[in-house]
Amino acid sequence: MEDQPSLRRCLAIQFRVLHALLMREVITRFGRENLGVLWLVGEPMLFTVGVATLWTASGMHHSSAMPIVAFAVTGYSSVLMWRNSASRCTAAVAQNKPLLYHRNVQVLDVLLTRTILEIGGATASFIVLSSFFIFIGWMPPPGDILEVFGGWLMLAWFGASLAVLIGAGTAFSEVVDRLWHPASYLLFPLSGAAFMVDWMPENLRWFVLLLPMVHGTEIIREGWFGAVVTAHYDLGYMASCCLVLTLAGLYVQRQARLHIEV
Amino acid sequence: MLSLEHVSKTYATRHGRHEVLRDVSFKLGRGEHLGILGRNGAGKSTLIRLISGAERPTAGIVRRGMSVSWPLAFGGAFQVNLTGLDNLKFVCRIYGVDYKPLIPFVEEFTELGKYFREPVLHYSQGMLTRLAFALSMAVEFDCFLIDEAMVVGDVRFHERCHLELFHKRKDRAFILVTHDANVIQLYCKNACVLHEGELIAFSTVKEAYDFYLATLGAQPLAAAE
């Protein structure tokens, strides 16, 4: 309700608020002790390596064309993109409520801060791990790096829009938080991380393909492994889902700002 | 110019809607000082939160034609893992101010010594209060919002706050919200009383204070907390 500033000024404010929140969040979350901010990358790396080890040990091997480590790294990194960002956002509003005393800090800023950090960490972890495994020969280099990047970008969009929606939803009701935890747990095995859609019986494929993140993971695997895998995805469907989630998230976070008592 | 136009605020409670402010309107020009009296629970802090933009009104409009501070000496946003210096950097980044030239002032005012670079976790209540006030003074605003919270602390701290705010920054506008009429008497020309959700303006501080005393007297002691 202030005199409406120019778009350029709004962007400048947006940028400096996000910068301030990011710096604050990094120190708050990781501190200055031991590895500090490196944990942002280290944490997802540990998870991915752990899962890769478990899957190797349990012989989750359907296709000899895809080395199991490569399969685990592409799959689990994809999960981190949407699951961690949404999970980190469930408590974001409650924990950062006092910051809303600074008028320029909006609910969206608080949620975007956590999302940016999670997606940034997962991306860095993916790059570091895959580079390492390519170097020691456990993983082939990506066949079509642009397609991998495209799939990754789609997953980032999905993760961010889901995180904003879930995070803003928790500002209204803790039920959202309570439902999200079992949902994320149940979605993991369905998310395409541990299987390719092609391995499914044909009459079940349509069902898993209802989940937008499955499409993203399929794109990444097609880009990485090329013709040795048969990917099933619909970019338009995934984009539509992301768009709906984005609009819903933006609407709910705006309503949340009107609703929140600081 | 800061203006509130027909501002109302209701909160949802388990027993239906609770109206805290009803149709509050006023204007404050640059450099003007307004005191608002009200007993506990009158909605003073709610009013400050609405003016600052921390919360949105249920109805009505808050127009800020000048830069308005956050509620002064508000320390709730301190993160325990951050040091005093981190908190200064954070506030400065939010408002687009360079923090480096401000370090000497904050260090001197807070008298934190080496604790300025220690996590806020280890601060005493007094240290927190001094830091919160110093940070509020670090960013220059056209209008300061002062909740009564700043009157905690010892006499010396009190005096230093008054010096920074009411003397060094007396050209700025401020809204002082309190149940202590003496402070308003000292620094404000105009005063209002917040009573049962309505803001009643008076032409002199004395009239406002008399009315305020009457509202106190009208209440049974227990209800007046």
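See the structure above.
What comes next concerns the included structure. Counting restarts for each chain: residues are numbered from 1 in the order of the written sequence. Each chain takes a letter, starting from A, and each ligand takes a number, starting from 1, following the order in which they are written. A pLDDT threshold of at least 70 governs which residues receive local features in this predicted model, and a stricter bar of 80 or more applies before side-chain atom pairs are shown or counted, although totals over entire chains, interfaces and linings include all residues.

Here we look at the overall build of chain B
Okay, step 1: What counts as a helix is a DSSP run of H or I of at least four residues, what counts as a strand is a run of E of at least two, and both are numbered from the N terminus. Per the secondary structure count, chain B includes 7 helices and 9 strands.
Okay, step 2: Against the compact-globule benchmark of 17 Å for 225 residues, chain B has a radius of gyration of 18 Å, which places it among compact chains.
Okay, step 3: Taking the principal axes of the C-alpha coordinates as reference, chain B spans close to 50 × 40 × 40 Å.
Okay, step 4: In this scheme the burial state of a residue depends on its C-beta neighbours within 10 Å: 20 or more other such atoms mean buried, 12 or fewer mean exposed, and anything in between means partly exposed; the C-beta positions come from the backbone. Considering chain B as a whole, with its 225 residues, one finds that 40% of them fall into the buried category. Our radius of gyration looks at C-alpha atoms and nothing else; its globule reference is 2.2 Å times the residue count to the power 0.38.

Some remarks on the overall build of chain A
Okay, step 1: Across its full length, chain A carries 10 helices and 0 strands.
Okay, step 2: What you see for chain A is a C-alpha radius of gyration of 19 Å, in line with the 18 Å of a compact globule of 262 residues.
Okay, step 3: Expressed as lengths along the three principal axes of its C-alpha atoms, the size of chain A is roughly 60 × 45 × 35 Å.
Okay, step 4: Burial status across chain A gives 43% buried among its 262 residues.
Okay, step 5: The contact rule is simple: place each C-beta atom from the backbone, and if two of them lie within 7 Å, those residues are in contact. When contacts within chain A are restricted to residue pairs at least 6 apart in sequence, long-range pairs at least 24 apart make up 77% of them.

Looking at the packing of helix H2 (residues 84-95) of chain B against helix H4 (residues 125-138) of chain B
Residue and element names in this part refer to chain B.
Okay, step 1: Where H2 meets H4, the axes come as close as 10 Å, and the angle between the chain directions of the two elements is 30°. Classed by the angle they form, the pair H2 and H4 counts as roughly parallel. The chirality of how H2 crosses H4 is right-handed. Residues Gly84, Asn87, Leu88, Val91 and Cys92 of H2 touch H4, and the partners they reach there are Leu131, Leu135 and Ala138.
Okay, step 2: A class-by-class count of the residues in the contact of H2 with H4 yields 6 nonpolar, 2 polar and no charged. For every element, the axis is a line fit to its C-alpha atoms; helices are fit only across the contacting stretch, and the angle between N-to-C directions ranges from 0 to 180 degrees. An angle below 35 degrees is treated as roughly parallel, one above 145 as roughly antiparallel, one from 65 to 115 as roughly perpendicular, and anything else as oblique. Working rule for handedness: look at the near helix, and if it is turned counterclockwise from the far one by less than a right angle, call the crossing left-handed; if clockwise, right-handed. Put simply, Ala, Val, Leu, Ile, Met, Phe, Trp, Tyr, Cys and Pro go in the nonpolar bin, Asp, Glu, Lys and Arg in the charged bin, and everything else, Gly too, in the polar bin.

Section: the pairing of strand E7 (residues 173-178) of chain B
All names here are of chain B.
Okay, step 1: With 5 of its 6 residues buried, E7 lies for the most part within the structure.
Okay, step 2: Only strands joined by at least two bridges in the DSSP assignment are considered to pair. Strand direction decides the pairing type here: strand E3 (residues 33-37) and E7, joined by 5 bridges, are parallel. When the sheet's bridge partners are listed, glycine 35 is paired in E7 with leucine 176.
Okay, step 3: Here 4 bridges tie strand E6 (residues 143-146) to E7, and the two strands are oriented parallel to one another. Bridging from a neighbouring strand, cysteine 143 pairs with alanine 173 of E7.

What about the sheet that holds E6 of chain B?
Residue and element names in this part refer to chain B.
Okay, step 1: The strand order E5-E6-E7-E3-E8-E9 describes an open sheet built from 6 strands, whose pairing is mixed. Edge positions in the open sheet fall to strand E5 (68-71) and strand E9 (198-202), since each of these has one partner strand only. Here the strands of the sheet are splayed against their neighbours by 20° on average, with no regard to which way each runs.
Okay, step 2: Pairing between E5 and E6: 2 bridges, direction parallel. Looking at the pairing, valine 68 lines up with cysteine 143 of E6.
Okay, step 3: Against the sheet, helix H1 (residues 44-52) touches E3, E5, E6, E7 and strand E8 (190-195), its axis set at about 140° to E5.

So, the interface of chain A and chain B
Okay, step 1: With 24 residues of chain A at the interface, the matching set in chain B holds 25 residues.
Okay, step 2: Only helix H1 (7-30) and helix H10 (235-259) of chain A provide two or more residues apiece to the side of chain A that touches chain B.
Okay, step 3: The leading source of residues in the side of chain A that touches chain B is H1 of chain A, at 8 residues.
Okay, step 4: Class assignment of the residues belonging to the side of chain A that touches chain B gives a composition of 12 nonpolar, 5 polar and 7 charged.

Some thoughts on the environment of alanine 59 of chain B
Okay, step 1: Here alanine 59 of chain B shows up in strand E4 (residues 59-64).
Okay, step 2: Distance from alanine 59 of chain B to phenylalanine 109 of chain B, taken between C-alpha atoms, is 40 Å for residues 50 residues apart in sequence.

Comments concerning the pairing of strand E1 (residues 2-13) of chain B
Residues and elements named next belong to chain B.
Okay, step 1: Summarising the sheet, E1 and strand E2 (residues 16-28) pair through 9 bridges and their orientation is antiparallel. Looking at the pairing, alanine 12 lines up with arginine 17 of E2.
Okay, step 2: Between E1 and E2, which pair antiparallel in sequence order, lie 2 residues.
Okay, step 3: Sheet topology note: the E1/E4 ladder contains 5 bridges and is antiparallel. By the bridge assignment, glutamate 5 is partnered in E4 with isoleucine 61.

A look at H4 of chain B
Residue and element names in this part refer to chain B.
Okay, step 1: Given the number of residues in a helix, its expected span is that number minus one, multiplied by 1.5 Å. Relative to the 20 Å expected for 14 residues at 1.5 Å per residue, H4 spans 20 Å between its end C-alpha atoms, a close match to the ideal helical length.
Okay, step 2: Along H4, 10 of the 14 residues are buried, which leaves the element largely enclosed by surrounding structure.
Okay, step 3: Within H4, the full set of buried residues consists of Thr129, Arg130, Leu131, Ala132, Phe133, Ala134, Leu135, Ser136, Met137 and Ala138.
Okay, step 4: In the core, the buried residues of H4 are packed alongside E5, H2, helix H3 (103-110) and helix H5 (155-167).

Quick look at the sheet that holds E4 of chain B
Residue and element names in this part refer to chain B.
Okay, step 1: Strand order in the open sheet formed by 3 strands is E2-E1-E4, and the pairing between neighbours is antiparallel. If you trace the sheet from one side to the other, it starts and ends with E2 and E4, each paired once. Neighbouring strand axes in the sheet, compared pairwise and without regard to direction, differ in orientation by 25° on average.
Okay, step 2: Against the sheet, H1 engages E1, E2 and E4, with an angle of about 60° to E2.

Brief notes about unusual backbone geometry
With glycine set apart, most residues show a phi of negative sign, and most peptide bonds adopt trans.
All names here are of chain B.
Okay, step 1: Phi at histidine 6 takes a positive value of approximately 50°, unusual for a residue other than glycine.
Okay, step 2: As for its placement among the helices and strands, histidine 6 is situated in strand E1.
Okay, step 3: Despite not being glycine, glutamate 196 shows a phi value in the positive range, around 45°.
Okay, step 4: For glutamate 196, the position within the fold is in the loop between E8 and E9.

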